[in-house]
Amino acid sequence: MSERNATLIVEDATYTLPIIEGSEKEKAIDVRSLLKDSGHITLDSGFMNTGACQSNITFLDGKKGILNYRGYPIEELAERCSFVEVAYLLLHGELPNRQELNEFRALLARYALLHEDMIHFFDHFPPNASPMSILSTMINVLCNYYPEMTAQPDPYEAFIATAARLMSKIRTIAAFSYKKSIGHPLVYPRADLSYCGNFLNMMFDRPVIPYVVQPEVVATLNKLLILHADHEQNCSTSTVRMVGSAGVNLYASISAGISALWGPLHGGANQAVIEMLEAIHRDNNDFGKYIAKAKDRNDPFRLSGFGHRVYKTFDPRAAIIKKACHQTLAALNVDDPLLDIALKLEEIARNDDYFISRNLYPNVDFYSGIIYRAMRIPTNMFPVMFALGRLPGWMSHWHEMMQDPDTKIGRPRQIYTGPAQRPFVPLHERE
Ligand code: CMC
């Protein structure tokens, strides 16, 4: 029994439940013994208040707007690190020294190519196939060409090598799917370019118009990927952990995470924001109409890029992205009318009781799409960009779960509300 306990009275019986405290003093009541001892389950749809694991990767405090990866504040990481450094931090638990960083970069460079046979897969998607569907399929296919490196003597090194393969190949897959969608020849990865520079070059280099990697764009992309790199037990990460808990390989678990991320309430929100801002633009900036729709309980429309399950004062990532949005558009000399619409929409919502009383503020996805537009990333690829960023987080959680002796196959309970047991009626009697 832990030092501190909670007492639960269920009808006439009293149960003592241990209290678990995290390293930032957050508290949980451990209800694992409750079913065995009392015959009751706990019910919490949407897992609004249910911890599924103990994790040492990311801490966030939604009331104070704090987000730390492995103890480091997101503001500092986004300002002072490259995405590859942050990926190393998430995967290994510590920031790399120069030699470790170079070795990790070398691994990423070594694994950037795709098996040529895999390239034929791209030819068989319909012309307008969703880039997220292609990404999740191709990531799953990777396990056939590159089985997990479990045969290596050190299982940890084996995981890191597979993780580096995935991290390197995901950007090749993403860029190839774009090139195929526009009918252009593929551009292969180059060992002399940085992680982000390589991705941009594979996306935008053309035989007749060579792409010049712009340092401002590379810096902004690093920042965006860092801000998306982990977010503890969000929907897609929980999916990766849930799928992995059945003993599934890393590739298939990540593929499932990509599918979860696709949804407009999660990583698809950055695309949905741009589509919403474009709709407002086409409607001659009729903000009143969209605000009214968002507030109408009978209308499924929501302000995309607003609200968060956990952040209730502000999303620290959104603050950084908003600033980066102004800086990037200025550096690239882009004048996007959607930025003005987004700013106005934010101002209206921030002064409206509906949004204030529900703590609905811009989240990480509200301004990120405007930056991706300025970089010429197509709108339907925005969730893919989120996936590129979130991959190190997903892999770190998968590995942590696999190593945790407390891990059990994910298997929630339910309260059944269908018909109570009844006698079977044979077909000839069912008139
Ligand atoms: N526009 C209008 N009303 C909203 C919105 C919104 N964006 N978000 C929440 N509400 C209302 C909701 O209708 C409910 O009102 P009421 O109390 O009257 O029933 C109240 O606010 C609480 O909402 P909820 O649905 O119970 O909150 P949740 O924690 O289950 O959902 C959310 C969180 C992010 C899914 C939701 O805020 C939302 O749908 N936002 C828009 C989609 C979006 O931007 N998603 C990206 C999230 S950040 C990136 C990521 O983690 O993927």
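Residue positions are given per chain, counting from 1 as you read along its sequence in written order. Side-chain atom pairs in this predicted model are given and counted only at pLDDT of 80 or more, local residue features only at pLDDT of at least 70, and totals for whole chains, interfaces and linings cover all residues. Side-chain calculation: all heavy atoms of the structure are included, whereas hydrogens and water are not.

### Considerations on the environment of E278
In this description a helix means any DSSP run of H or I spanning at least four residues, a strand means any run of E spanning at least two, and both kinds are numbered starting from the N terminus. Here E278 is to be found in helix α12 (residues 269-282). Here a polar contact is recorded for every N or O atom pair within 3.5 Å, except that within protein the pair must consist of a potential hydrogen donor and a potential acceptor, and residues adjacent in sequence are included only if both atoms are side-chain atoms. Side-chain polar atoms of E278 contact the side chain of R373, separated by 3.2 Å.

### Considering the sheet that holds strand β2 (residues 13-21)
Two strands pair if DSSP finds at least two bridges between them. Ordered by their spatial adjacency, three strands build an open sheet running β1-β2-β3, and the pairing between neighbours is antiparallel. Only two strands of the sheet have a single neighbouring strand rather than two, namely β1 (5-10) and β3 (27-29). When the angles between neighbouring strand axes are averaged without regard to direction, this sheet yields 30°. Relative to β3, β2 runs antiparallel, the two sharing three bridges. Within β3, the residue paired with E21 across the bridge is K27. Only the contacting stretch of a helix is used when fitting its axis, a line to C-alpha atoms as for every element, and angles between N-to-C directions run 0 to 180 degrees.

### Thoughts on the packing of helix α3 (residues 83-92) against helix α7 (residues 155-181)
The contact between α3 and α7 brings their axes to 12 Å, and the two run at 145°. In the packing of α3 onto α7, the handedness of the crossing is right-handed. Between α3 and α7, the residues in contact are F83, A87, L91 and H92 and Y156, F159, I160, A163 and M167, respectively. Split into classes, the residues belonging to the contact of α3 with α7 amount to eight nonpolar, one polar and no charged. Take the far helix as the reference: if the near one is turned anticlockwise from it by less than a right angle, the crossing is left-handed, and if turned clockwise, right-handed. It only takes one pair of heavy atoms within 4.5 Å for two residues to be counted as in contact. Residue type decides the class: Asp, Glu, Lys and Arg count as charged, Ala, Val, Leu, Ile, Met, Phe, Trp, Tyr, Cys and Pro as nonpolar, and the leftover types, Gly among them, as polar.

### Some words on the site of the ligand
Only a single heavy atom is needed: when it lies within 4 Å of a molecule or strand, its residue is near that molecule or strand. Of all residues adjacent to the ligand, which total 22 residues, the nearest are H266, R302, L303, G305 and R309. Between the ligand and R302, the relevant distance is 2.8 Å, taken from an oxygen atom to a side-chain nitrogen or oxygen of the residue. In the model, a nitrogen atom of the ligand is placed 2.8 Å from a nitrogen or oxygen of the L303 main chain.

### Considerations on helix α10 (residues 235-244)
Of all the positions in α10, only S236, T237, V240, R241 and G244 are classed as buried. For α10, the angular spread of buried residues about the axis comes to 140°, placing them on one side. Buried residues along α10 sit against α11 (250-261) and α18 (382-403). Buried, partly exposed and exposed residues are distinguished by accessible area as a fraction of the type maximum, computed with a 1.4 Å probe on protein chains only: under 20%, between the cut-offs, and over 50%, respectively. What the arc covers is the set of directions going from the helix axis to the C-beta atoms.

### Some details on the state of the cysteines
In plain terms, two cysteine sulfur atoms within 2.5 Å form what is called a disulfide here. Enumeration over the complete set of coordinates arrives at zero disulfides. With no disulfide of its own, C196 lies closest to C81 among cysteine sulfurs, the gap being 13 Å. The class for C196 is buried, based on a relative accessible area of 1%.

### Quick look at the environment of S168
The residue S168 is located in helix α7 in this model. Accessibility expressed as a relative area gives 0% for S168, which makes it buried. Other than its neighbours up to four places away in sequence, S168 contacts L108, Y111, A112 and Y195.

### Quick look at the pairing of β1
Here β1 pairs with β2 via six bridges, running antiparallel. Looking across to β2, one finds that A6 is bridged to L17. Connecting β1 to the antiparallel partner β2 that follows it, the hairpin turn spans two residues, and E11 within it adopts a positive phi of roughly 50°.

### Remarks on the side chain of S368
Mapped onto the elements, S368 comes out in helix α17 (residues 365-374). The buried category is assigned to S368, whose relative accessible area is 0%. For S368, the residues in contact, after removing those within four places along its chain, are L224, N270 and I321.

### Observations regarding the UniProt feature "active site" (unreviewed entry) in the protein chain
Mapped onto this numbering, the UniProt entry gives "active site" (unreviewed entry) at H308 and D365. These annotated residues cover 58 residues of sequence, and their C-alpha atoms lie no more than 10.6 Å from one another, placing them together at a single site. Among the residues examined, H308 registers a relative accessible area of 22% and is labelled partly exposed. When near neighbours in sequence (up to four residues on either side) are disregarded, H308 contacts H231, D315, R317 and N363. Within the structure, the side chain of H308 is placed 2.9 Å from the backbone nitrogen of V310, a separation counted as a polar contact. Within the secondary structure layout, D365 lies in helix α17. Contacts of D365, omitting those with residues within four sequence positions, involve H228, H266, A269, N270, V273 and F386. UniProt positions are given in the numbering used here, feature names are shortened, and annotations may be inferred rather than shown by experiment.

### A few points about the domain arrangement of the protein chain
When the parts come together, some accessible area is lost, and that loss is often what is quoted as the size of the interface. Boundaries of every domain are those given by an automatic assignment or by a domain database. Here the protein chain is partitioned into domain 1 (5-51), domain 2 (72-262) and domain 3 (269-313 + 320-374). For domain 2 and domain 3, the distance between their C-alpha centroids amounts to 28 Å. Buried area: the sum, over both parts, of the accessible surface (1.4 Å probe) that disappears when the two are put together. Contact with domain 3 buries surface across domain 2, with L224, H228 and H231 losing the most and accounting together for 41% of the total. At the boundary of domain 2 with domain 3, the tally comes to two residue pairs in polar contact (both at pLDDT 80 or more). Elements that contribute at least two residues to the side of domain 2 that touches domain 3 include exactly α2 (74-80) and α9 (215-228). Tallying contributions element by element places α9 first for the side of domain 2 that touches domain 3, with nine residues. Among the residues forming the side of domain 2 that touches domain 3, the class breakdown is seven nonpolar, four polar and three charged.

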